[in-house]
Amino acid sequence: MISVLQKNIRNSCAAVLSLVLLAGCAGITSYGVDPRLTQGDDSDYFTKSGVQACAAGAAAGALACLVSNSGNKAACMAIAAVAGCGIGAGVDALIDQRRKQAASKEQYLNSLIADVQNDNQKMAERISTFDQVISENSKTLAALQTAVANKTVDQKKATADLAQLTRNKEYMEKQLAGMNKRIAEWNEAASAVQQEGVNPQQLRQQISELEARKASLTQSLAKAYEPLLSLQSALS
């Protein structure tokens, strides 16, 4: 009896460890970017692959199962694995999960709305950080433009600065691409919900907020880093 229990615990721990290791894989390369862009547990929230997103949520749920009083920890961990995915599991899987959890169509819709609200909050937090970096990078670019015009530029330092700013821009563009993908998935979810006879108006309102935030970030990035190419050309 004890040996069977020990074996089950050992297998469960191994499964959790695998999930933790998988969840820890970086969503995108972040070497050399402004440290603020990669700080925080949710810094790669919009760029994790579906597998990584599931693993992160599932690992937390599975760990809770291990320390719980659940009579069937294996079953508990299996449920946690699905529940932890969110939209990362794919539109069909998320909708199926929320439908099964809900006691009514209203609860079903509200749970999806809460999911999009969560994405809105995380996007707002990411963009707040991006705005800080973009603002400082814009000042650096303006100073470099002035130095180039006055022929007082430090070539070595300017080249290093431009390389840093280029990495920042590319990192944020990859995050933006992840946001675009997430919005597309939510629009797909709204259409699927509508086909089930549920009015998706409130859900679409939340999605519209995501789209507005994304559009604002797109414009900010394009405007702030517009001088990059001309400066790189001037210093080459």
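Residues numbered from 1 in each chain as written. Predicted model: local features only at pLDDT ≥ 70, side-chain atom pairs only at ≥ 80, totals over all residues. Heavy atoms only, no water.

K.L.:
Would you explain the overall build of the protein in this entry?
P.N.:
Scanning the protein from N- to C-terminus turns up eight helices and zero strands. Secondary structure elements in the protein, listed N-terminal to C-terminal, are α-α-α-α-α-α-α-α. Taken across its 236 residues, the protein has 36% of its residues classed as buried. Summarising the internal contacts of the protein: among those between residues at least 6 apart in sequence, 80% fall at separations of at least 24. For the protein, the exposed area adds up to about 13100 Å²; of that, 55% sits on carbon and sulfur atoms. (Helix = DSSP H or I, 4+ residues; strand = E, 2+ residues; numbered from the N terminus. Buried < 20%, exposed > 50% of the residue type's maximum accessible area, 1.4 Å probe, protein only. Contact = heavy atoms within 4.5 Å. Areas by Shrake-Rupley, 256 points an atom, 1.4 Å probe, with all protein chains shown as cover.)

K.L.:
Where do I start with the packing of aromatic side chains in this structure?
P.N.:
Pairs of aromatic rings are described using the distance from one ring centre to the other and the angle between the two planes. Counting across every chain of the model gives one aromatic pair. Between Tyr45 and Phe46 the ring centres are 4.9 Å apart and the planes differ by 85°, which places this aromatic pair in the edge-to-face class. The class of Phe46 is buried, set by a relative accessible area of 4%. Note that Lys122 overlies the ring of Tyr45, its terminal NZ or CZ placed 5.1 Å from the centroid. (Phe/Tyr/Trp six-rings, centres within 6.5 Å; stacked < 30°, edge-to-face > 60°. Lys NZ or Arg CZ within 6 Å of the ring centre and 35° of its normal.)

K.L.:
In this structure, what is going on with the nonpolar core? I would like to understand it.
P.N.:
Proteins that are soluble and globular tend to have nonpolar side chains buried together. Ranked by size, the top nonpolar core spans 43 residues in total, and within it Ile134, Met172, Trp186, Leu203, Leu217 and Tyr225 carry the most contacts. The set of elements that each furnish at least two residues to this core consists of α4 (91-101), α5 (105-150), α6 (155-195), α7 (201-224) and α8 (228-235). (Core = buried A, V, L, I, M, F, W, Y, C linked by side-chain atoms within 4.5 Å.)

K.L.:
Sorry if this is basic, but what is going on with α7 here?
P.N.:
Side chains three or four residues apart in an α-helix point the same way, a direct result of the helix having 3.6 residues per turn. Here α7 contains 24 residues, and its C-alpha end-to-end distance of 35 Å stays within 8% of the 34 Å for a straight helix at 1.5 Å per residue. Within α7, the full set of buried residues consists of Leu203, Gln206, Ile207, Leu210, Leu217, Leu221 and Ala224. Looking at the buried residues of α7, the elements they touch are α5 and α6. (Expected span 1.5 Å × (residues − 1).)

K.L.:
Help me out: how do you make sense of the packing of α6 against α8 in this one?
P.N.:
Two measures define how a pair of helices packs: the angle their axes make with one another and the distance between the axes. Contact geometry of α6 with α8 gives a least axis separation of 11 Å together with a crossing angle of 150°. Comparing their axes, α8 and α6 come out roughly antiparallel. Seen along the crossing, α6 lies across α8 with a hand that is left-handed. Every residue of α8 that contacts α6 at Gln155, Ala158, Thr159, Leu162, Leu165, Thr166 and Lys169 is listed here: Leu228, Leu231, Gln232 and Leu235. Along the lines of polarity and charge, the residues of the contact of α6 with α8 split into six nonpolar, four polar and one charged. (Axes fitted to C-alpha atoms, helices over the stretch in contact; angles between N-to-C directions. Parallel < 35°, antiparallel > 145°, perpendicular 65-115°, else oblique. Left-handed = near helix turned anticlockwise from the far one by under 90°. Nonpolar A, V, L, I, M, F, W, Y, C, P; charged D, E, K, R; others polar.)

K.L.:
Help me understand α8, please; the structure alone is not making it clear to me.
P.N.:
Those residues of α8 that fall on the buried side of the exposure criterion are Leu228, Leu231 and Leu235. Within α8, the buried residues cover an arc of 70° as seen down the axis, which keeps them to one side. Those residues of α8 that are exposed and aimed more than 90 degrees away from the buried face are Leu229 and Ser233. Of the surrounding secondary structure, the elements contacted by the buried residues of α8 are α5 and α6. (Arc of directions from axis to C-beta.)

K.L.:
What should I look at first to understand the pattern of salt bridges in this one?
P.N.:
Pairs may arise between side chains of opposite charge once their charged atoms sit close together. Tallied over the entire structure, the rule returns 13 salt bridges. Here the salt bridges do not stand alone but share partners, grouping Asp96, Arg99, Lys100 and Glu196 into one network. (Salt bridge = Lys/Arg side-chain N within 4 Å of Asp/Glu carboxyl O.)

K.L.:
For this particular structure, what's the right way to read the packing of α5 against α7?
P.N.:
Close contact between α5 and α7 brings their axes to 9 Å; oriented N to C, the two are set at 10°. Relative to α7, the element α5 is oriented roughly parallel. Taken together, the residues that form the contact of α5 with α7 break down as 16 nonpolar, six polar and four charged.

K.L.:
It is not clear to me how the environment of Arg213 should be interpreted in this structure. Could you clarify?
P.N.:
Within the secondary structure layout, Arg213 lies in helix α7. A relative accessible area of 29% means that Arg213 is categorised as partly exposed.

Function cannot be inferred from these measures alone, as they are strictly geometric.
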